[in-house]
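Examining the three-dimensional arrangement
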Amino acid sequence: MHPRPHRNPPAHPQPLLWDLFCRVVDNFGDIGVCWRLGADLATRGHSVRLWVDDASALQWMAPGALQGQWAGVQVLPWQASQNQTALATLPRADVWVEAFGCDIAPEFIAACAHSARASGQFWTKFPVWINLEYLSAENYVERSHGLASPVMHGPAAGCTKHFFYPGFTTATGGLLREPDLARRRDAFDQPGQRAAWLAQRGIDWQGECLVSLFCYEPTALPGLLLRLATGAEPTRVLVASGRATAAVQAAIDSLNGLQPSWNVRKVLSISYLPNLTQYEFDHLLWACDLNFVRGEDSVVRAIWAGKPFVWQIYPQDDAAHQVKLGAFLDMLQAPTSLRQFHTLWNSEAAWNGEPEPSPLTQLKQWTQTVRTARHRLWQMDDLATQLCAFVQKKR
């Protein structure tokens, strides 16, 4: 069972029209977070226009989104936010959200500013302007959350943006968590649901340990597969589509070249998954005994899943990601074994041919760590709730 909030959830605020802006930089994290936020706001009675420069991932992440089949959410091409003719008749939003530092098109800002000034209601009708930042457990997040950034130039001069930071403490904006998440997880926990979900995906599960793998190209991957193949416990790895699949196939090629009999006992089985919707990705995490996740959105889902997990943080050239990873592990109050495996999994050192330590021996301790953190984080208001309250206050 998921821990329940210690207080009654707040009543739905006044429905608003939100413009949510997203530029897809790499992988699926940007669009994944933005879609999850937009869909969450829509379930709370709001209307959302999601302006995105590459919405292709929504074809499988949220089927029907591009066809307008999700009530309350309209997906629009980024280019349309620069079309002055179309903008002239566009209903003015109550809120603008720039996700992850993407800049709203100047034409869009100008169209809204000119309309507001022409109506004589510039200061009362101009949207609340939010810069939604990346997730981090570092100390600067508390200091920066909610700070104002005056707009000094351009047609919106005199307006103010506000920084909004997701986070892991009550002094931050919290984490994305849909109101029905606990109910969905409890339903999946009913007897037979896990086996049925696996069978629907053509996985003949015989009770072996299940490990999900959603990763980039970790150098430790061949060693992990070798350790699982030489362990005592039958294990099946469920590999996410895309980069994870390519990485596993490359690791297997490497192992076959070095040790052709590395999986001769057939202790390790590997199943390759198709692209999963966001709902089905939750089911994958709930079904597995250990989850390997990457990026911002999936690590939050791994926390809510309450299963032991290992996070591959997005690497940065200046190694700033190592500081971010350390802060996250501190927040998690991770034991030494979990810290050591994260260091190994996020290392750029070349694999030396030796099998890596098996994480399966640590699952009991890691599970307790995750569930303790989940219980603490569940007591906080979620990100959408906090964002709505912040906007209402600024309006």
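Everything in this summary refers to the structure shown in the same document. Worth saying up front: this structure is predicted, and the values here are computed from it rather than measured. (Residues numbered from 1 in each chain as written. Predicted model: local features only at pLDDT ≥ 70, side-chain atom pairs only at ≥ 80, totals over all residues. Heavy atoms only, no water.)

**Some points on the overall build of the chain**
Broken down by element type, the chain carries 16 helices and 12 strands. Whereas a compact globule of 395 residues would reach a radius of gyration of roughly 21 Å, the chain reaches 23 Å, a difference of no more than 12%. By residue count, 54% of the 395 residues in the chain fall in the buried class. Counting contacts in the chain only where the partners sit at least 6 residues apart, residues at least 24 apart contribute 77% of the total. Within the structure as shown, the chain displays about 17,600 Å² of accessible surface, and the carbon and sulfur contribution to it stands at 53%. When the 34 positive and 35 negative side-chain charges of the chain are each reduced to one mean point, those points stand 7 Å apart. (Helix = DSSP H or I, 4+ residues; strand = E, 2+ residues; numbered from the N terminus. Rg over C-alpha atoms; globule rule 2.2 N^0.38 Å. Buried < 20%, exposed > 50% of the residue type's maximum accessible area, 1.4 Å probe, protein only. Contact = heavy atoms within 4.5 Å. Areas by Shrake-Rupley, 256 points an atom, 1.4 Å probe, with all protein chains shown as cover. Lys, Arg positive; Asp, Glu negative; His and termini not counted. Charge placed at Lys NZ, Arg CZ, Asp CG, Glu CD.)

**A closer look at the layout of surface pockets**
Estimated volume of the largest pocket: approximately 930 Å³. In terms of lining, the largest pocket is formed by 41 residues, of which the most central are Gly29, Asp30, Tyr216, Gly295 and Glu296. Listing elements by their share of the lining of the largest pocket, those giving two or more residues are helix 1 (29-43), helix 2 (58-61), helix 11 (278-287), helix 12 (295-305) and helix 13 (320-332). Its residues placed into classes, the lining of the largest pocket shows 21 nonpolar, 11 polar and nine charged. (1 Å grid on protein atoms, 1.4 Å probe; cavity = no way out; pocket = protein on both sides within 12 Å on 5 of 7 lines; lining within 4 Å. Points joined across faces, edges and corners; volume = space filled by probe spheres on them. Nonpolar A, V, L, I, M, F, W, Y, C, P; charged D, E, K, R; others polar.)

**So, the environment of Ala240**
Mapped onto the secondary structure, Ala240 falls in the loop between strand 9 (235-239) and helix 10 (243-258). Classification of Ala240 by relative accessible area gives buried; the value is 11%. Discounting chain neighbours no more than four positions away, the residues touching Ala240 are Leu213, Phe214, Thr245 and Leu273.

**Section: helix 7 (residues 181-188)**
Burial within helix 7 is extensive, with six of its eight residues counted as buried. Those residues of helix 7 that fall on the buried side of the exposure criterion are Leu181, Ala182, Arg184, Arg185, Asp186 and Phe188. Considering only its buried residues, helix 7 is in contact with helix 8 (193-200), helix 11, helix 12 and helix 15 (363-378).

**With respect to the sheet that holds strand 8 (residues 209-213)**
By way of backbone hydrogen bonds, the strands of a sheet pair with one another, either parallel or antiparallel. One open sheet accounts for five strands, arranged 10-9-8-11-12; its pairing is parallel. Either end of the sheet is taken by a strand with one partner, and the two such strands are strand 10 (268-272) and strand 12 (309-312). Strand after strand, the sheet turns through a mean of 15 degrees between neighbouring axes, direction not considered. In terms of strand pairing, strand 9 meets strand 10 through five bridges, oriented parallel. By the bridge assignment, Val239 is partnered in strand 10 with Tyr272. (Pairing = 2+ DSSP bridges. Axes fitted to C-alpha atoms, helices over the stretch in contact; angles between N-to-C directions.)

**Here's the deal with the environment of Leu37**
By the element assignment, Leu37 lies in helix 1. Between the C-alpha atoms of Leu37 and Ala384, which are 347 residues apart in sequence, the distance is 6.8 Å. Setting aside its immediate chain neighbours within four residues, Leu37 contacts Leu20, Leu132, Leu176, Leu383, Ala384 and Leu387.

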